[in-house]
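Fold and contact review
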Amino acid sequence: MEVTLELAPADATPAMLRELREIGVTRLSVSAASSGHTQWQAVDRARDAGFDAVSVGLVFGGADSPLSRWKHTLYQAVDRALPHITLHEAESPSADDEASADCFAFAMGFLRAKGYEQYELTHFARPGAHSTYQEHVYAHGDVLGLGPGAESFWWPDRTAASTARRWSNVSDATTYVTRVREGASPVAHHEAFDWEALALEYILLRLRTSHGLDLAVLEDHYRCPLRDRRGDTLDRLMTNGLIHDDPARVRLTPRGRLLADAVTQRLIRKQ
């Protein structure tokens, strides 16, 4: 069984890593750090502790992250033969959309050439190293999130939209611990769904994956006949080279992945 823990680089001490191995953690996801050296140091320590399945989060875009620096970061990740890499776009008011697109386009081509599969829009893995958790999330599977800021999605009766729920815990660690110790709920946000909301979310999730959106599943399980509702839009997206020519499944082309948000909005917007 895959047991993944997201770990801040500064917390990756030898003692902590040994304890994580002892309690059964099998996979580490090392989050992005302000200092690249700290992140690579965490990766090296994780391997020294016996972790073979290690993923890193790499941030692209932003005023202080030019393409030349981004290329260097990707070379470092590949040189370490990391089995899994996750990309994150910088959230900055000074971010240059065109520069970010250039960084993302380079990453897609470079990582593919180095043997990585882009199985989800921002998740790249060597064959056999896909994240089970990520694949489950993007398949709209049930997820129970534990800890500060963790998000859960639970849909026990897939024939009834009313049973679907999503909730997230408070993000502040101190507040989370205090609530749990006092026997109070750590949940900060709760969301219910109807069929339309579930269908829209499923579209958002599946369009990000390499498998794409199965139109029969969307219609049969989510009561959303997308071809009937957005047939003209699908035809235009295919003509413009943004999705593959496949009547049964909507999958983004390499160009479509660069414009994934725009493609998705065209399909989910209300008439």
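Let us look at the structure shown here. All figures in this text were calculated on a predicted structure; none of them were measured in a lab.

Within a beta sheet, neighbouring strands are joined by backbone hydrogen bonds and run either parallel or antiparallel to one another. Across the sheet, which stays open at both edges, the 3 strands sit in the order E7-E8-E9 with antiparallel pairing between neighbours. Of all strands in the sheet, those with a lone pairing partner are strand E7 (151-154) and strand E9 (187-192), marking the two edges. Here the average twist between neighbouring strands, direction ignored, is 15°. Relative to E9, strand E8 (residues 165-169) runs antiparallel, the two being bridged by 5 bridges. Residue pairing across strands places Asn-169 opposite Val-187, the latter belonging to E9.

Judged by side-chain charge, Glu-89, Glu-91, Asp-96, Asp-97, Glu-98, Asp-102 and Asp-261 come together as a negatively charged surface patch. Among the elements that make up the negative patch, the one with the highest residue count is helix H4 (residues 97-113) (3 residues). The topology assignment puts Asp-261 in helix H11 (residues 260-268). By relative accessible area, which is 61% here, Asp-261 ends up exposed.

Right, let's talk about the nonpolar core for a bit. Of all hydrophobic cores here, the largest spans 59 residues; its most connected members are Leu-58, Leu-82, Ile-85, Leu-87, Leu-198, Leu-213 and Leu-218. The greatest single-element share of this core, amounting to 6 residues, is contributed by H4. Filtering out sequence-adjacent residues up to four positions away, Leu-213 remains in contact with Tyr-202, Ile-203, Arg-206, Leu-207, Leu-218, Leu-226, Ala-248, Arg-249 and Val-250.

Take the sheet that holds strand E2 (residues 27-30) next. The mixed open sheet is built from 6 strands, whose spatial order is E1-E2-E3-E4-E6-E5. Of all strands in the sheet, those bounded by a partner on one side alone are strand E1 (4-7) and strand E5 (117-120). In this sheet, adjacent strand axes meet at a mean angle of 25° when their direction is disregarded. Bridge count between E1 and E2: 4 bridges; the pairing is parallel. Looking at E2, one finds that Leu-5 is bridged to Leu-28. This element, helix H3 (residues 67-79), spans strand E3 (53-60) and strand E4 (84-89) of the sheet and lies at about 175° to E3.

Now for the packing of aromatic side chains. Taken as a whole and judged by the stated rule, the model has 8 aromatic pairs. Taking the centre distance of 5.4 Å and the plane angle of 15° together, the rings of Phe-106 and Phe-110 count as stacked. Taken together, the residues Phe-106 and Phe-110, both in helix H4 and 4 residues apart, mark about one turn of the helix. Judged by relative accessible area, Phe-106 falls into the partly exposed class, the value being 23%. Following the ring pairs from residue to residue traces out a cluster consisting of Trp-155, Trp-195, Tyr-202 and Tyr-222. Cation over ring: Arg-21 sits above Phe-51, and NZ or CZ is 5.2 Å from the ring centre. When the ring centre of Phe-106 is taken as origin, the NZ or CZ atom of Lys-71, which lies over that ring, is 4.9 Å away.

Criteria and thresholds
- Residues numbered from 1 in each chain as written.
- Predicted model: local features only at pLDDT ≥ 70, side-chain atom pairs only at ≥ 80, totals over all residues.
- Heavy atoms only, no water.
- Pairing = 2+ DSSP bridges.
- Helix = DSSP H or I, 4+ residues; strand = E, 2+ residues; numbered from the N terminus.
- Axes fitted to C-alpha atoms, helices over the stretch in contact; angles between N-to-C directions.
- Patch = residues over 30% accessible without salt bridge, like charges linked within 9 Å, V, L, I, M, F, W, Y side chains within 5 Å.
- Areas by Shrake-Rupley, 256 points an atom, 1.4 Å probe, with all protein chains shown as cover.
- Salt bridge = Lys/Arg side-chain N within 4 Å of Asp/Glu carboxyl O.
- Lys, Arg positive; Asp, Glu negative; His and termini not counted.
- Charge placed at Lys NZ, Arg CZ, Asp CG, Glu CD.
- Buried < 20%, exposed > 50% of the residue type's maximum accessible area, 1.4 Å probe, protein only.
- Core = buried A, V, L, I, M, F, W, Y, C linked by side-chain atoms within 4.5 Å.
- Contact = heavy atoms within 4.5 Å.
- Phe/Tyr/Trp six-rings, centres within 6.5 Å; stacked < 30°, edge-to-face > 60°.
- Lys NZ or Arg CZ within 6 Å of the ring centre and 35° of its normal.

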